[in-house]
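In case you want the letters, here they are:
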Amino acid sequence: GAAEVPLAEWIAMLHAAIAARGAPSLPAEAGASLTLRHLGVLGHVLMNCATLGEVYEQLARYIRLLGQIGQPVLSYQGTEAHLLWQWPYDSPAPGEVAQFMLAARATFMRWLAGRNDLVFDAHFHFPRIADAAVHARLFGGVIRYGQAESKLVFPRAYLALPVVAADEELRRQVEARAQALLATL
């Protein structure tokens, strides 16, 4: 398999790309351009879940396969689901990583459900960026900056949406592979 890029190095590459392009929203655009094949065996596990709710159960279970990038935490407030991106370190959470993670998750939910019409409110823990219009386009809902945490907020009903490409037999196979990989970490 491919070697894991140290998180500090990956963040430094994001900073260099942002500086070179002069686009503070570059991490969100990069996150939105990810496909499930970029996630390796984890992507295969996710695309074979029955519903989007199950996708987040499996993502929380196997997130370590992607490195130490933070834990997804799903909570509910009435009819809303709140998908928090939880930074696992004592240092301040990089806003660039929050943009990347939230955009990737919104994009994956749309793709997995076969629904480009899904709308997400995005809450970011950092101040408004210069090219914030990119966030409005990527998420489709209300964008809030300077919040206590970075998270997606969306209708709880989204979690019941079926994953359009799910295959139960393939899921058992790829989940066994994911468990084996996780055991080696």
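Residues numbered from 1 in each chain as written. Predicted model: local features only at pLDDT ≥ 70, side-chain atom pairs only at ≥ 80, totals over all residues. Heavy atoms only, no water.

Draft legend 1. The packing of helix α1 (residues 7-21) against helix α2 (residues 26-33), seen in detail. Axis separation between α1 and α2 bottoms out at 9 Å; the angle between their running directions is 115°. Classified by the interaxial angle, the pair formed by α1 and α2 is roughly perpendicular. Touching Leu14, Ala17, Ile18 and Arg21 of α1 are Leu26, Pro27 and Glu29, all from α2. (Axes fitted to C-alpha atoms, helices over the stretch in contact; angles between N-to-C directions. Helix = DSSP H or I, 4+ residues; strand = E, 2+ residues; numbered from the N terminus. Parallel < 35°, antiparallel > 145°, perpendicular 65-115°, else oblique. Contact = heavy atoms within 4.5 Å.)

Draft legend 2. The arrangement of the side chain of His82 in detail. Relative to the helices and strands, His82 is located in strand β2 (residues 80-86). Here His82 falls in the buried class, since its relative accessible area comes to 6%. Of note is the side chain of His82, whose polar atom sits 3.1 Å from the side chain of Glu80. Sequence-distant contacts of His82, that is, excluding residues within four places in its chain, are made with Val73, Leu74, Ser75, Gln77, Lys151, Leu152 and Val153. (Buried < 20%, exposed > 50% of the residue type's maximum accessible area, 1.4 Å probe, protein only. Polar contact = N/O pair within 3.5 Å; in protein donor to acceptor, adjacent residues only side chain to side chain.)

Draft legend 3. Summary view of the side chain of Arg110. Relative to the helices and strands, Arg110 is located in helix α5 (residues 95-113). Among buried charged residues, Arg110 stands out as having no salt bridge; its nearest opposite-charge side chain is Asp117, 7.3 Å away. Only 2.8 Å separates the side chain of Arg110 from the backbone oxygen of Leu138, close enough to count as a polar contact. Excluding its chain neighbours within four sequence positions, the residues that come into contact with Arg110 are Arg115, Asn116, Leu118, Val119, Phe120, Leu138, Phe139 and Gly140. (Lys, Arg positive; Asp, Glu negative; His and termini not counted. Salt bridge = Lys/Arg side-chain N within 4 Å of Asp/Glu carboxyl O.)

Draft legend 4. Inspection of α5 at higher detail. Under the 1.5 Å per step criterion, the end-to-end length of α5 is 27 Å for 19 residues, consistent within 8% with the ideal 27 Å. Of all 19 residues that make up α5, 17 are buried, and the element is covered over most of its length. Just downstream of α5, Gly114 is the residue with a positive phi angle, here 65°. (Expected span 1.5 Å × (residues − 1).)

Draft legend 5. Looking closely at the environment of Leu102. Mapped onto the fold, Leu102 is located in helix α5. In this structure the C-alpha to C-alpha distance between Leu102 and Ala28, which are 74 residues apart in sequence, comes to 7.5 Å.

Draft legend 6. Main features of the sheet that holds strand β3 (residues 120-123). One open sheet accounts for five strands, arranged β1-β2-β5-β3-β4; its pairing is mixed. Because the sheet does not close on itself, it has two edges, and the strands there are β1 (71-77) and β4 (140-144). For this sheet, the mean angle separating the axes of adjacent strands, direction not counted, is 20°. The pairing of β3 with β4 spans three bridges and is parallel. For Phe120, the partnering residue across the bridge sits in β4 and is Gly140. α5 contacts β1, β2, β3, β4 and β5 (151-155) of the sheet and is inclined by roughly 140° relative to β2. (Pairing = 2+ DSSP bridges.)

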